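Coordinate analysis (summary)
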Amino acid sequence: MSFIFVCQSVYQKGDDLLQRLNHFLYQVLWAGLILLLPITSLPLLSKAAGGSMVAPASVLPLAILLIVFLPLNLARLRRLPRVVTPLLAFVLLAVLSSALSFFIEFPLFREANRLRNMLSGFLTLGVGLSFFFAALLLTDSEDRLAFFFKWVNIGGSIALLWAGMQSVFWYMTGDYPDWMGRIQSLISSSGNLYIRRTTGLAFEPSWLGHQLVLFYLPCWLAASFRRFSVFRWRLWGISAENILLAGGVVILVLSLARNALLSFSLSVGWLILLTTARLAGWIHQKLTGRGSRFFSGLPASLLKTCIWLVIFGGYAAILLGGVFVLTRLDPRMADLFRVIRNPYTPLEAANYLFFGERVAFWITGLQIFGQYPLLGVGLENAGYFFPEKLPLFGWTVVESHKMYYSSALPNTLSLWIRLLSETGIIGFSLFVSFLYLLWNTARFLSRDAHPLTATLALTAQLTLVALLVEGMSVDTFAFPYFWLIFGWLLTAFVLRTKSNSDELSAHG
């Protein structure tokens, strides 16, 4: 009997040790994944991917996470929320569209290999989906969600610190030290530090803006709005998220990423709309509740209209002031007010403001969609049609000249137009349906009593609003930022639904 007891004791201790190691490895890998999120183009991965600019360093811990922990969580695949259905249908549609594209007569494009490019397209989609399903399937408690957000704050603070150091050196000395350039070359395949624009740990300033407006700033803005923090400490009542939000906005401005600035403005504007009605009601109550005969004598509808006009006038003045500051910081925007005053055509205005190549490539993508409207031309295939579909003015911009000497296919520079041109109206509709269901899920969870869940729901809403504009700037599926937010949102939804079901069973 004593021998059996000893064996059981040894087995139990071994099992406890294995569980602790499992838990430790899980936390280390997730912490590493989140800490590496700001690095968008790790040189080692970029070379392994054939020189791809999009090579997020967080893919490395993600791969280990999936290999080690996904087999232990395969049972959860049977309980995927229905919200995921349009996304899975979109993947199947992308496969069908790409397979049928072999029956389309493609224009020749130097030595570009169709099969290799198509596999590259599915690889980038697979990377994005891997982040999404890792967040959804490998998270089983709200404590783990809180753990993730702590590391988001830590990783974000490191990214802001490095970006801030770049700006300090530039604006104080007009140049960057050699050691900073060497470090940047180790973490970014471009290795570039830009004039006037902070790059952070990203490939270029616009990618820094992308990760800020789709991931970090929504987290910090939602937490600040909800007065929630994953940390217990406060500094004179100011939380870590408040400080990081202020720093993130400053770095976003210093990146001079125009599309990201517009995306963030839209997110803040939407949040303002949520609160303006309450603010207007509060002002109306204060004005009429003090016994003022002047305000009390005015018709209620007139007084409320005036209040709304004053509030929106204040918001418009702030926005106009921000645009004015941008015209002084960014040489590309210096002629903005002159362009507004003169009757230029949209294409002329785009050229004067240095985004003519984007407009040209968007138009090209839409022309491809017009020719193949139902299923598109398959993933990564739109570029083959650029030489024959590019409008005349598109040949005057620098970006199009790369087609003369580079075998790399051009792209639409827009996620939305890429969806239309490569997967047609059907694929576009499926992907947008997925986003719409996510929006409804976030609206439902935003009323949750648990502060972390409500904050995560607002984070997802801010990300979705920003994606409307940011999707006109970046066209890759491989960036992990919105995929992680969406995966964590659905995790919170599954957890709250399970909790409600358990409560009903307990009372049943």
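Model, not experiment: these values are computed from the prediction. (Residues numbered from 1 in each chain as written. Predicted model: local features only at pLDDT ≥ 70, side-chain atom pairs only at ≥ 80, totals over all residues. Heavy atoms only, no water.)

Within the protein chain, the secondary structure is distributed over 19 helices and 0 strands. Considering the protein chain as a whole, with its 508 residues, one finds that 48% of them fall into the buried category. Sequence separation of at least 24 residues holds for 76% of the intrachain contacts in the protein chain that already meet a minimum separation of 6. Carbon and sulfur atoms provide 67% of the accessible area of the protein chain, an area that totals close to 25,400 Å². (Helix = DSSP H or I, 4+ residues; strand = E, 2+ residues; numbered from the N terminus. Buried < 20%, exposed > 50% of the residue type's maximum accessible area, 1.4 Å probe, protein only. Contact = heavy atoms within 4.5 Å. Areas by Shrake-Rupley, 256 points an atom, 1.4 Å probe, with all protein chains shown as cover.)

With respect to the helices, strands and loops of the structure, Met-165 is situated in helix α6 (residues 142-173). You can call Met-165 partly exposed: its relative accessible area is 28%. Sequence-wise, Met-165 and Met-180 are 15 residues apart; in three dimensions their C-alpha atoms are separated by 9.3 Å. If near-sequence neighbours (up to four positions away) are discounted, Met-165 is found in contact with Trp-179 and Met-180.

By size, the foremost hydrophobic cluster in this structure holds 101 residues, and its most contacted members are Trp-30, Phe-132, Phe-431, Trp-483, Phe-486 and Trp-488. Ranked by residue count, the leading element in this core is helix α8 (residues 205-226), at 12 residues. If sequence neighbours within four positions are ignored, Trp-30 has contacts with Leu-65, Ala-134, Ala-135, Leu-138, Thr-139, Phe-147, Phe-148, Leu-484 and Trp-488. (Core = buried A, V, L, I, M, F, W, Y, C linked by side-chain atoms within 4.5 Å.)

We describe a pair of aromatic rings using the distance from one ring centre to the other and the angle between the two ring planes. Going through the model one piece at a time under the given rule, you end up with 35 aromatic pairs. Relative to Phe-434, the ring of Phe-132 lies with its centre 5.8 Å away and its plane at 85 degrees, an arrangement referred to as edge-to-face. Of the two residues, Phe-132 sits in helix α5 (residues 114-137) while Phe-434 sits in helix α17 (residues 415-445), which places them 302 residues apart along the sequence. For the pair Phe-132 and Phe-434, a shared accessibility class is recorded, and that class is buried. Sitting over the face of the ring of Tyr-26, Arg-144 holds its NZ or CZ atom 3.8 Å from the ring centroid. (Phe/Tyr/Trp six-rings, centres within 6.5 Å; stacked < 30°, edge-to-face > 60°. Lys NZ or Arg CZ within 6 Å of the ring centre and 35° of its normal.)

The subject of this paragraph is a nonpolar patch on the surface. On the surface, a nonpolar cluster with roughly 650 Å² of combined accessible area is contributed by Leu-96, Leu-100, Phe-102, Phe-103, Leu-115 and Leu-119. Listed by contribution, the elements that provide at least two residues to the nonpolar patch are α4 (85-100) and α5. Structurally, Leu-100 is set in helix α4. Its relative accessible area of 37% is what places Leu-100 among the partly exposed residues. (Patch = residues over 30% accessible without salt bridge, like charges linked within 9 Å, V, L, I, M, F, W, Y side chains within 5 Å. Salt bridge = Lys/Arg side-chain N within 4 Å of Asp/Glu carboxyl O.)

Let us look at the environment of Tyr-372. Its place among the elements puts Tyr-372 in the loop between α15 (356-371) and α16 (386-389). C-alpha of Tyr-372 to C-alpha of Ile-425: the two residues are 53 residues apart in sequence and 9.2 Å apart in space.

On to unusual backbone geometry, then. Non-glycine residue Arg-196 carries a positive phi angle of around 70 degrees. Tracing the backbone shows Arg-196 in the loop between α7 (178-187) and α8. The partly exposed category is assigned to Arg-196, whose relative accessible area is 36%. Phi angles above zero are rare outside glycine, and Leu-256 is one such case at about 55 degrees. Within the fold, Leu-256 resides in the loop between α9 (240-255) and α10 (258-288). When its relative accessible area of 1% is taken as the criterion, Leu-256 is described as buried.

The next thing to look at is the packing of α4 against α5. α5 packs onto α4 with a crossing angle of 170 degrees between their chain directions and a minimal axis gap of 12 Å. In this view, α4 runs roughly antiparallel relative to α5, as classed from their interaxial angle. Each of Leu-87, Leu-88, Phe-90, Val-91, Ala-94, Val-95 and Ser-98 in α4 lies in contact with α5, whose residues at this interface are Met-118, Phe-122, Leu-125, Leu-129, Phe-132 and Phe-133. Residue composition of the contact of α4 with α5, by class: 12 nonpolar, 1 polar and no charged. (Axes fitted to C-alpha atoms, helices over the stretch in contact; angles between N-to-C directions. Parallel < 35°, antiparallel > 145°, perpendicular 65-115°, else oblique. Nonpolar A, V, L, I, M, F, W, Y, C, P; charged D, E, K, R; others polar.)

This next bit is on the confidence of the model for the protein chain. Across the protein chain, pLDDT averages 84, with 86% of residues at or above 70. Element-level mean pLDDT values for the protein chain span from 56 in helix α11 (residues 293-297) up to 95 in α17. Long-range and interchain partners of residues 503-508, a stretch whose pLDDT sits below 50, account for 0 contacts in this model, where long-range means more than four residues apart. (pLDDT = per-residue confidence, 0-100.)

When two helices pack together, their arrangement is given by the angle between their axes and by how far apart the axes lie. With their axes 9 Å apart at the nearest point, α8 and α9 run at an angle of 155 degrees to one another. Here α8 lies roughly antiparallel to α9, going by the angle between them. At the point where α8 passes α9, the crossing takes the left-handed sense. Along its contact with α8, which presents Pro-205, Leu-208, Gly-209, Leu-212, Val-213, Leu-217, Trp-220, Leu-221, Ala-223 and Ser-224, the element α9 presents Glu-241, Asn-242, Leu-244, Leu-245, Gly-248, Val-249, Ile-251, Leu-252 and Ser-255. Class assignment of the residues belonging to the contact of α8 with α9 gives a composition of 13 nonpolar, 5 polar and 1 charged. (Left-handed = near helix turned anticlockwise from the far one by under 90°.)

One side chain can pair with another of opposite charge once the charged atoms of both are near each other. For the coordinates displayed, the defined rule picks out 5 salt bridges. For Arg-418, the salt bridge is made with Glu-380, and the minimal N-O distance between the two is 3.1 Å. One end of the pair, Arg-418, is in helix α17; the other, Glu-380, is in the loop between α15 and α16, and 38 residues separate them in sequence. By relative accessible area, Arg-418 is classed as buried at 4%. The class of Glu-380 is partly exposed, set by a relative accessible area of 23%.

Tracing the backbone shows Ser-58 in the loop between α2 (43-48) and α3 (59-69). Using a relative accessible area of 0% as the deciding quantity, one classes Ser-58 as buried. Aside from chain neighbours lying at most four places away, what touches Ser-58 is Leu-33, Leu-36, Leu-37, Phe-131 and Pro-480.

Applying the stated criterion across every chain, the model contains 3 cavities of 30 Å³ or more. Of the pockets and cavities examined, the largest cavity occupies roughly 70 Å³. Forming the boundary of the largest cavity are Phe-149, Asn-153, Cys-219, Trp-220, Ala-223, Phe-228, Val-230, Glu-241, Leu-452, Thr-455 and Leu-456. Counting only elements with at least two residues in the lining of the largest cavity, the list comes to α6, α8 and α18 (451-470). (1 Å grid on protein atoms, 1.4 Å probe; cavity = no way out; pocket = protein on both sides within 12 Å on 5 of 7 lines; lining within 4 Å. Points joined across faces, edges and corners; volume = space filled by probe spheres on them.)

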